[in-house]
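One-letter residues, chain by chain:
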Amino acid sequence: MGRTTRSAGGAAALLAAALLAGGCGTSGRGADLPDDPALYRVECEQGLTDFVQDPEHSSATLVWQDPITGARKGSIGLPDALNICEDDLGGYQLGLRFNADLTRVAYLASKGDKESTGWIDLASGRRREVAASTDGHRSDGHRLRDPFFVPGTDTFAYLDVDRAKDAKIPVRVEEGKPRRGAAIDCPGQVIPTTATAMARCLPSDTIANADGSILVTDQADGRRLAFPDSGTQTTDVRLPEVDAKTWKALPCTALFFLDRTRYLCANLLGEQLGVVTVDPDTKTASAVALAHVGGRIKGAALSPDGKTVAIDVCGDGCSIYTVPLTGGEPTKLPDSTNSARGTLFAWR
């Protein structure tokens, strides 16, 4: 999992984990991308409001930067990757929009009564439409949601929301053809009690570990851990209080799993980074503070060797810092500061 950061929708995250555990083929690095490891982020030239008003002319750019200095090494324009900027995705969510070698980006487009989803080939700019719906505006129609690639593969998937049945239908593309899964009723934003319902109906701000056995979701009353195999839930995972004068033991928002039982998180202020360790047997979790940073953590990515985390810290501008997982002071990459609105999502 170390190549991406947060989840493209709770259902998409768990579907991705389940598909990955099932063994999907991987692909190599894209010809236009650097052979050496690099940090990848998406930058948006227009703000959220401007993008919503004029999505066809809003520009998003895939940028890669040196992991030592932060210097910009290259970029690819994403002018047609609709909703990349509009969705304001977190890092892990954003990572799921790209295939394994970053040669394709998933899109979800809306024009008039028509919704469509599929992917765009970055080298040619050609769009491959996989599915479309023209009745999503009706109360009994279908809406397309959460397009993503299964981590580390070229397998594309999305959710078909059946509004008449209030159900989400998982669909994945195999041999060029959509394969529809079983529809499952989704009871609002309440965490379902059965494993099958959990697999499709969790809220959008949810992450899953690689085998889908542990889920973390943000709820109004706290951060919840969910264990689909048993239906057990626990609530309110918090980072420890470090300095009573300036810091509080605030709930910890999950960013991405480091391995099967540990995930990286940031507190509600977004300025404190920590690691949560989950015990699957006792269904409990403990958190340790990793570092303090001077701004909101927008995105994060794990180094290829699994020893260091890069974080996108935004205040007046955005800068990239690295933090060893063993703890220590964050190190700012000297050439990484810029004013562009963007999100770090991969280090590969």
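Because the structure is predicted, anything quoted here is derived from the model rather than measured.

### Some points on the overall build of the chain
Summing up its helical and strand segments, the chain has four helices and 24 strands in all. Across the 348 residues in the chain, those meeting the buried criterion constitute 54%. Accessible area of the chain: about 15000 Å², with a carbon and sulfur share of 47%.

### With respect to the packing of aromatic side chains
For the structure shown, the criterion picks out seven aromatic pairs. If you follow Arg127 out to its NZ or CZ, it ends over the ring of Tyr107, 4.4 Å from the centre.

### So, the pairing of strand E20 (residues 296-302)
In terms of residue burial, E20 counts as a mostly covered element, since six of its seven residues are buried. Pairing of E20 with strand E21 (residues 308-314) involves six bridges; the strand directions are antiparallel. By the bridge assignment for E21, Ile297 is matched with Val313. Counting the residues between successive antiparallel strands, the hairpin from E20 to E21 contains five residues, one of them, Gly306, with a positive phi of roughly 75°.

### Some points on the nonpolar core
Grouped together as the largest cluster of nonpolar side chains are 20 residues, with contacts concentrated most on Ile207, Val216, Leu225, Tyr263, Val276 and Val278. Looking at this core, the elements that each hand over two or more residues are strand E14 (222-227), strand E16 (252-257), strand E17 (262-267) and strand E18 (272-279). By residue number, the principal contributor to this core is E16, which donates three residues. Setting aside anything within four residues of it in sequence, one finds Leu225 in contact with Ile214, Leu215, Val216, Thr232, Gln233, Thr234, Val237, Tyr263, Val278 and Ala285.

### Focus: the environment of Asp140
Its place among the elements puts Asp140 in the loop between strand E6 (127-133) and strand E7 (142-149). By relative accessible area, Asp140 is classed as partly exposed at 41%. On a C-alpha basis, the gap between Asp140 and Ala164 in space is 4.1 Å, while along the polypeptide they are 24 residues apart. When residues no more than four places from it in sequence are discounted, the contact partners of Asp140 are Arg163 and Ala164.

### Here we look at the state of the cysteines
Taken as a whole, this structure holds one disulfide when the rule is applied. Residue Cys314 pairs covalently with Cys318 via a disulfide, S to S 2.1 Å. Disulfide Cys314 to Cys318: torsion about the S-S bond roughly 105°, handedness right-handed. Its relative accessible area of 18% is what places Cys314 among the buried residues. Classification of Cys318 by relative accessible area gives buried; the value is 7%.

### Some remarks on the sheet that holds strand E24 (residues 341-347)
What the four strands build is an open sheet, ordered E3-E2-E1-E24; its pairing is antiparallel. A strand with exactly one partner marks an edge of an open sheet, and here the two such strands are strand E3 (72-77) and E24. The mean angle between the axes of side-by-side strands here comes to 25°, regardless of whether they run parallel or antiparallel. With six bridges joining them, strand E1 (residues 39-44) and strand E2 (residues 60-65) adopt antiparallel strand pairing. Each bridged residue has a counterpart across the sheet, and for Leu39 the counterpart in E2 is Gln65.

### What to know about the sheet that holds strand E4 (residues 104-111)
Taken together, the three strands give an open sheet; going across it, the order is E4-E5-E6, and neighbouring strands pair in antiparallel fashion. The sheet terminates laterally at E4 and E6, the two strands that pair on one side only. Across the sheet, the axes of successive neighbouring strands diverge by a mean angle of 20°, strand direction being ignored. The pairing of strand E5 (residues 114-121) with E6 spans six bridges and is classified as antiparallel. Counterpart to Ser116 in the pairing with E6 is Ala132.

About the thresholds
- Residues numbered from 1 in each chain as written.
- Predicted model: local features only at pLDDT ≥ 70, side-chain atom pairs only at ≥ 80, totals over all residues.
- Heavy atoms only, no water.
- Helix = DSSP H or I, 4+ residues; strand = E, 2+ residues; numbered from the N terminus.
- Buried < 20%, exposed > 50% of the residue type's maximum accessible area, 1.4 Å probe, protein only.
- Areas by Shrake-Rupley, 256 points an atom, 1.4 Å probe, with all protein chains shown as cover.
- Phe/Tyr/Trp six-rings, centres within 6.5 Å; stacked < 30°, edge-to-face > 60°.
- Lys NZ or Arg CZ within 6 Å of the ring centre and 35° of its normal.
- Pairing = 2+ DSSP bridges.
- Core = buried A, V, L, I, M, F, W, Y, C linked by side-chain atoms within 4.5 Å.
- Contact = heavy atoms within 4.5 Å.
- Disulfide = S-S within 2.5 Å.
- Axes fitted to C-alpha atoms, helices over the stretch in contact; angles between N-to-C directions.

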